[in-house]
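What follows is each chain in one-letter form.
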Amino acid sequence: MNRADRLILAPGAYQTYSISQEPDRLVVVACERVGCAAWRYGWDSIIDESTPLGKAQALHIRTESKRTFREMKRGDGLTVFRFESGQRCFAEHQTNPEVYVVRDGDWRGNPTGRSREHQRPADWVEDFGEHQLRLVNQQEKG
């Protein structure tokens, strides 16, 4: 089918699915979302408790971190805190949030003004898949 054979419908007969990012906006996100290696595999924090900073860090880990760990002493006097995978690390990860939008219309415009933003990527993907199935069903019906 060449371009001249295609049926061009009014903009309102279409839906547009888009994913965008606002380049100047950063948000704090969980380790899992950014693919943090510490979250995925676990990590060791090696602390020198002979210093004031090390004492404060060890106290924080033991009493306030709310993370699962095993504590070991090394031969050189340092303390190793081994954290299990699947829990938030101590870094603050940031990313540009993605915006998942579905709107009526196409590149020519949105005649109804309707649009909706999905909060989760999986919801946007599900919506897109269901829309494709509707199109296939309509095409099969003629």
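Report on the accompanying structure. (Residues numbered from 1 in each chain as written. Predicted model: local features only at pLDDT ≥ 70, side-chain atom pairs only at ≥ 80, totals over all residues. Heavy atoms only, no water.)

## Regarding the side chain of Q87
Put simply, the rule is: Strands here are runs of E lasting at least two residues and helices are runs of H or I lasting at least four, both read from the DSSP assignment and numbered beginning at the N terminus. For this analysis, a polar contact is any N or O atom pair within 3.5 Å, provided that within protein one partner can donate a hydrogen and the other can accept it, and provided that sequence-adjacent residues contribute only side-chain to side-chain pairs.
In this fold, Q87 is placed in the loop between β5 (79-83) and β6 (93-95). Within the structure, the side chain of Q87 is placed 2.7 Å from the backbone oxygen of T68, a separation counted as a polar contact.

## Details of helix α4 (residues 121-141)
The condition is simple: Multiplying 1.5 Å by the helix residue count minus one yields the expected span of that helix. A contact between two residues is defined here by any heavy atoms of the two lying within 4.5 Å.
In this model α4 runs 31 Å from its N-terminal to its C-terminal C-alpha over 21 residues, within 8% of the 30 Å that 1.5 Å per residue would give. In this structure, the buried side of α4 is in contact with β1 (15-21), β7 (98-104) and β8 (115-118). One or two positions beyond α4, positive phi appears at G142, with a value near 95 degrees.

## Notes on the packing of aromatic side chains
Applied cut-off: Ring pairs shown here join Phe, Tyr and Trp side chains whose ring centres sit within 6.5 Å, with only the six-membered ring taken for Trp; geometry is labelled stacked below 30 degrees between planes, edge-to-face above 60, and tilted in between. In this scheme, a residue with accessible area under 20% of its type's maximum is buried, one over 50% is exposed, and one in between is partly exposed, where area comes from a 1.4 Å probe on protein chains only. In this scheme, Lys NZ or Arg CZ marks a charge over a ring once it lies within 6 Å of the ring centre and within 35 degrees of the ring normal.
Here the structure, examined in full by the defined rule, presents 9 aromatic pairs. Between Y100 and W124, the aromatic rings sit 6.2 Å apart at their centres with planes inclined by 55 degrees, giving tilted as the arrangement. Within this pair, whereas Y100 is found in strand β7, its partner W124 is found in helix α4, the two being separated by 24 residues in sequence. Among the residues examined, W124 registers a relative accessible area of 12% and is labelled buried. Cluster of aromatic residues (ring-pair linked, three or more members): W43, F69, F81, F83 and F90. A cation over an aromatic ring shows up here: R108 above the ring of W107, its NZ or CZ 5.8 Å from the ring centre.

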